[in-house]
Amino acid sequence: MPLQWDQEKYTTGHAHIDEQHYELFDGLNSLLIFLKDSANIESHEEQEKAVELINFLGEYAVNHFQDEEEMFAQCKHPLKAVNEEAHKRFVAKYLEYKKELTAGAITRGSLIKLHIFLQSWLVKHILQVDTSLRDYVVQEEAGQADFTKKQGVFVRFLSLFQKKKLAA
Ligand SMILES: [Fe+2]
């Protein structure tokens, strides 16, 4: 099931962090779009596209964790260490999946398995840890963001990849 952003449910009270979470939702949904659109996942092109998407998701998540950890530090959040530890465990698990996934040919089944892990971890982590940032909002940061109106980075990534493929 694709993830749908719900501002009330997922907001951390920090527009920048929310926007990154929103983009990660979009990234996971892009993985579903890729699975749906992929006619021949065994082909070289689609294998390459899957690897690029997985790498981009991982890189985006790692960059986001850095920003979020800085925010926890700035807010002197008591769950700072808990959050950092959870991020570390996630990255280790993600790398394990990635290694397993890219050791041979990427299959539909292995991508679905990765998607299930990423989605369940992200939603649980946002709800259990990240949303507790709401209690530590830096005043000038408060407010509703309208990032849901913008085109997401993962959508742009998929279309750029498409253009690259057409130009090749
Ligand atoms: Fe986090």
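These numbers were taken from a predicted model, which means no experiment stands behind them.

(A) Structural view of the overall build of the protein. On a plain count of helices and strands, the protein comes out with six helices and zero strands. The secondary structure elements of the protein, listed N-terminal to C-terminal, are α-α-α-α-α-α. A total of 168 residues make up the protein; the buried ones form 20% of that total. For the protein, contacts bridging at least 24 residues in sequence account for 80% of all contacts bridging at least 6.

(B) Representation of the nonpolar core within the structure. In terms of nonpolar packing, the biggest core is built from 13 residues, with Leu 31, Phe 34, Ala 50, Leu 53, Ile 54, Leu 57 and Leu 111 touching the most fellow members. Listing elements by their share of this core, those giving two or more residues are helix H2 (15–37), helix H3 (44–74) and helix H5 (108–128). Tallying contributions element by element places H3 first for this core, with five residues.

(C) Summary view of the packing of H2 against H5. Running from N to C, H2 and H5 point in directions that differ by 160°, and their axes come no closer than 11 Å. The angle between H2 and H5 falls in the class roughly antiparallel. Crossing hand, H2 versus H5: left-handed. Facing H2, whose interface residues are His 21, Leu 24, Leu 28, Leu 31, Leu 32 and Leu 35, H5 presents Arg 108, Leu 111, Ile 112, His 115, Leu 118, Gln 119, Leu 122 and Ile 126. In terms of residue class, the contact of H2 with H5 is made up of ten nonpolar, three polar and one charged.

(D) The packing of helix H4 (residues 80–103) against H5, seen in detail. Two numbers describe how H4 lies on H5: the axes approach to 10 Å, and their chain directions differ by 175°. The angle between the axes of H4 and H5 places the two elements in the roughly antiparallel class. The segment H4 lies against H5, with Ala 86, Phe 90, Tyr 97 and Leu 101 engaging Ser 110, Leu 114, Phe 117, Trp 121 and His 125. Residues belonging to the contact of H4 with H5 are distributed by class as follows: seven nonpolar, two polar and no charged.

(E) Structural context of H5. With 21 residues, H5 extends 30 Å between its outermost C-alpha atoms, agreeing within 8% with the 30 Å of an ideal straight helix rising 1.5 Å per residue. What H5 keeps buried is the set Leu 111, Leu 114 and Leu 118. Around the axis of H5, the buried residues are gathered within 65° of arc, so they sit on the same side. Of the exposed residues in H5, the ones pointing more than 90 degrees away from its buried face are Arg 108, Gly 109, Ile 116, Ser 120, Lys 124, Leu 127 and Gln 128. Structurally, H5 contributes buried residues whose contacts are with H2, H3 and H4.

(F) The confidence of the model for the protein, seen in detail. Scored by pLDDT, the protein comes out at a mean of 89, with 90% of its residues at no less than 70. Of all the helices and strands in the protein, helix H6 (residues 153–167) carries the lowest mean pLDDT, 71, while H5 carries the highest, 96.

How each quantity is defined
- Residues numbered from 1 in each chain as written.
- Predicted model: local features only at pLDDT ≥ 70, side-chain atom pairs only at ≥ 80, totals over all residues.
- Helix = DSSP H or I, 4+ residues; strand = E, 2+ residues; numbered from the N terminus.
- Buried ≥ 20, exposed ≤ 12 C-beta atoms within 10 Å, placed from the backbone.
- Contact = placed C-beta atoms within 7 Å.
- Core = buried A, V, L, I, M, F, W, Y, C linked by C-beta atoms within 7 Å.
- Axes fitted to C-alpha atoms, helices over the stretch in contact; angles between N-to-C directions.
- Parallel < 35°, antiparallel > 145°, perpendicular 65-115°, else oblique.
- Left-handed = near helix turned anticlockwise from the far one by under 90°.
- Nonpolar A, V, L, I, M, F, W, Y, C, P; charged D, E, K, R; others polar.
- Expected span 1.5 Å × (residues − 1).
- Arc of directions from axis to C-beta.
- pLDDT = per-residue confidence, 0-100.

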